[in-house]
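# Understanding the architecture of this molecule
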Amino acid sequence: MGEFRKDLDTLLVCAGILVLCAVLRPHGGTVQAGRWDLPPVCAFRAMTGHDCPGCGLTRGFVLLARGSWWDAGRMNPVAPALFLLALVQLPYRAWVLWRRIPTARRPRVFAWVGPIHIAALFLCWLVRLGGE
């Protein structure tokens, strides 16, 4: 199971994120669980007063779960791509675990998709910082 531990972890984390996105709801500039606003969790913003590269992802994911693609992209332009990446992980990781496909025999697409998304987060962040 050691080789497949990362696949199981990825599957569970992505499923958890997507379930939370379906349960939480947008409320103004925050996200609510039931009637309660969730507190802002960005330590970078609390310390510096500036958004971090991931600011807006939670609100964006929650909006995406409700079909608000345009609004989610305004929260963080990379949110739709990351949301789709999380969605794709569910069938892909389930397939890998079910078929017991060793790492060496898998498509290499996910080897470069993650770094591209991280680079996009930082690029968007730099553009937003330049506009402040």
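Here, residues in each chain are numbered from 1, in the same order as that chain's written sequence. The predicted nature of this model means local features are confined to residues of pLDDT at least 70 and side-chain atom pairs, given and counted, to a pLDDT of 80 or more, with totals for whole chains, interfaces and linings taken over all residues. Based on all heavy atoms of the structure, the side-chain values leave hydrogens and waters out of the count.

### Concerning the sheet that holds strand β1 (residues 25-27)
This is how the line gets drawn: A strand pair is defined by DSSP finding two or more bridges across the two strands. A run of H or I in DSSP becomes a helix once it reaches four residues, and a run of E becomes a strand once it reaches two; helices and strands are each numbered from the N terminus. Residue contacts follow a heavy-atom distance rule, with two residues in contact if any of their heavy atoms lie within 4.5 Å. To get an axis, fit a line to the C-alpha atoms, keeping to the stretch in contact for a helix; angles then go from 0 to 180 degrees between the N-to-C directions.
Here three strands make up an open sheet; going across it, the order is β1-β2-β3 and the pairing antiparallel. Of all the strands in the sheet, just β1 and β3 (36-37) have a single pairing partner and so form its edges. Relative to strand β2 (residues 30-33), β1 runs antiparallel, the two sharing three bridges. In the strand pairing of β2, Arg25 is matched with Gln32. This element, helix α3 (residues 57-65), spans β1 and β2 of the sheet and lies at about 60 degrees to β2.

### Regarding the pattern of salt bridges
Should the charged atoms of two oppositely charged side chains come close, the side chains can pair. Stated formally: Basic side-chain nitrogens of Lys or Arg form a salt bridge, by our definition, when they fall within 4 Å of a carboxyl oxygen of Asp or Glu.
Here the structure, examined in full by the defined rule, presents five salt bridges. With a closest N to O distance of 3.0 Å, Arg5 and Asp9 form a salt bridge. One end of the pair, Arg5, and the other, Asp9, are both in helix α1 (residues 5-23), four residues apart, so they sit about a helical turn from each other. Overlapping salt bridges, with partners in common, bring together Asp7, Arg93 and Arg106 in one network.

### Focus: unusual backbone geometry
With the exception of glycine, the majority of residues adopt a negative phi angle, and the majority of peptide bonds are in the trans configuration. Note the threshold: When accessible area is computed with a 1.4 Å probe and restricted to protein chains, residues below 20% of their type maximum are described as buried, those above 50% as exposed, and intermediate ones as partly exposed.
The phi angle at Arg100 is positive, at roughly 55 degrees, despite the residue not being glycine. Secondary-structure assignment places Arg100 in the loop between α5 (79-99) and α6 (109-130). Overall, Arg100 belongs to the partly exposed group, its relative accessible area being 45%.

### Topic: the packing of aromatic side chains
How we decide: Centres within 6.5 Å make a pair out of two Phe, Tyr or Trp rings, where for Trp the six-membered ring is used; the pair is then stacked when the planes are under 30 degrees apart, edge-to-face when over 60, and tilted otherwise.
Applying the stated criterion to the full structure yields five aromatic pairs. For the pair Phe44 and Trp125, a centre-to-centre distance of 6.0 Å together with 75 degrees between the ring planes defines the contact as edge-to-face. Here Trp125 lies in helix α6 and Phe44 lies in helix α2 (residues 43-48), a separation of 81 residues in the sequence. Overall, the relative accessible area of 32% leaves Phe44 in the partly exposed class. Among the residues examined, Trp125 registers a relative accessible area of 15% and is labelled buried. On the basis of an interplanar angle of 85 degrees and a centroid distance of 6.0 Å, the ring pair of Phe122 and Trp125 is categorised as edge-to-face. One end of the pair, Phe122, and the other, Trp125, are both in helix α6, three residues apart, so they sit about a helical turn from each other. Look at Phe122 and you get partly exposed, because its relative accessible area is 42%.

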